[in-house]
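Spelled out, the chains give:
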Amino acid sequence: MITTNVQRHGTVMVSVTGALDEDAGAVLQRALDDVTADERDLMVDLHGAASMDAYGLLHLLALHRRAESLGLRVVVVGWQPQPQQFMADVAGIRGRGSATGERYAVAGFRRLLEERAQRARDHSDFGAGWLSGV
């Protein structure tokens, strides 16, 4: 489940609970539908996101890109172990616990993640072994 909360002091808060997967896309995109010039920040809270797949990563990246196009500063907090490690695996960063939320905000890293997550999604029918070839 994904909830949104626009706080009138300039922050749009998006909280993710459960799986960040294919079904999350429409809800995440609607989170920014009513953004006004008064909002300056988007905070995405992943404390409740126990899992993420390639679709979820692509949706999160699309939200990030859309927020930036609206002039919002994006902060992602509360990375849980599986989503954080999934992002690291997709990016090709080896080692347990090697991804950090701060890396996510770097444009070049985001582009790399988008490309690899797209390939992962395209090859998801091939089973769990797709990561080794990413």
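Residues numbered from 1 in each chain as written. Predicted model: local features only at pLDDT ≥ 70, side-chain atom pairs only at ≥ 80, totals over all residues. Heavy atoms only, no water.

1. Section: the overall build of the protein chain
Helices and strands together make up the secondary structure of the protein chain, namely 5 helices and 4 strands. Of the regular secondary structure in the protein chain, the N- to C-terminal order runs β-β-α-β-α-β-α-α-α. Counting all 134 residues of the protein chain, 42% fall into the buried class. Restricting to contacts in the protein chain with at least 6 residues of sequence separation, those with at least 24 account for 70%. Summed over its atoms, the accessible surface of the protein chain is roughly 7000 Å², and 50% of this surface lies on carbon and sulfur atoms. (Helix = DSSP H or I, 4+ residues; strand = E, 2+ residues; numbered from the N terminus. Buried < 20%, exposed > 50% of the residue type's maximum accessible area, 1.4 Å probe, protein only. Contact = heavy atoms within 4.5 Å. Areas by Shrake-Rupley, 256 points an atom, 1.4 Å probe, with all protein chains shown as cover.)

2. Observations concerning the pairing of strand E2 (residues 11-20)
In the sheet, E2 pairs with strand E3 (residues 41-52) via 9 bridges, with the strands oriented parallel. Its bridge partner lying in E3, Ser-15 is registered against Asp-45. Once you follow E2 into helix H1 (residues 25-30) and on to E3, the crossover reads as right-handed. (Pairing = 2+ DSSP bridges. Right-handed = clockwise from strand over helix to strand, strands pointing away.)

3. Structural notes on the environment of Val-76
Tracing the backbone shows Val-76 in strand E4 (residues 73-77). Remark: the alpha-carbon pair of Val-76 and Asp-45, spanning 31 residues in sequence, is separated by 6.1 Å.

4. Some thoughts on helix H3 (residues 81-91)
Within H3 the residues assigned to the buried category are Pro-83, Gln-85, Phe-86, Met-87, Ala-88, Val-90 and Ala-91. One or two positions beyond H3, positive phi appears at Gly-92, with a value near 85°.

5. Brief notes about the nonpolar core
Among the nonpolar cores identified, the biggest contains 34 residues, and Leu-20, Leu-42, Leu-46, Met-52 and Leu-57 are the most heavily contacted of them. Among the elements of the structure, E2, E3, helix H2 (54-69), E4, H3 and helix H5 (107-122) are those that each provide at least two residues to this core. Broken down by element, the residue count for this core peaks at 7 residues, all from H2. Dropping the residues within four chain positions of it, Leu-57 is found in contact with Met-52, Phe-86, Met-87, Val-90, Leu-113 and Ala-117. (Core = buried A, V, L, I, M, F, W, Y, C linked by side-chain atoms within 4.5 Å.)

6. Side note on H2
Between its first and last C-alpha atoms H2 spans 23 Å; for 16 residues at 1.5 Å apiece the expected length is 22 Å, and the two agree. For H2, the full list of buried residues reads Ala-54, Gly-56, Leu-57, Leu-58, Leu-60, Leu-61, Ala-62, Leu-63, His-64 and Ala-67. Where H2 begins, one side-chain oxygen reaches toward the backbone nitrogen of Tyr-55, 3.1 Å away; that side chain belongs to Asp-53. Within two residues after H2, Gly-71 carries a phi angle of roughly 85°, on the positive side. (Expected span 1.5 Å × (residues − 1). Polar contact = N/O pair within 3.5 Å; in protein donor to acceptor, adjacent residues only side chain to side chain.)

7. Description of the confidence of the model for the protein chain
Averaged over every residue, the pLDDT of the protein chain is 79; the share at 70 or more is 78%. Looking at the elements of the protein chain, mean pLDDT is at its lowest for helix H4 (residues 101-104), recorded as 48, and at its highest for E3, recorded as 91. In the model, residues 101-105 has pLDDT below 50 throughout and makes 15 contacts with residues more than four positions away in sequence or in other chains. In the predicted structure, residues 127-134 sits below a pLDDT of 50 and forms 8 contacts with residues beyond four places in sequence or in another chain. (pLDDT = per-residue confidence, 0-100.)

8. A closer look at the environment of Glu-22
Mapped onto the elements, Glu-22 comes out in the loop between E2 and H1. Judged by its relative accessible area of 48%, Glu-22 falls in the partly exposed class. As for Glu-22 and Arg-121, which are separated by 99 residues in sequence, their C-alpha atoms are 9.8 Å apart. Ignoring anything within four residues of it in the chain, the contact list for Glu-22 reads Asp-53, Tyr-55, Gly-56 and His-59.

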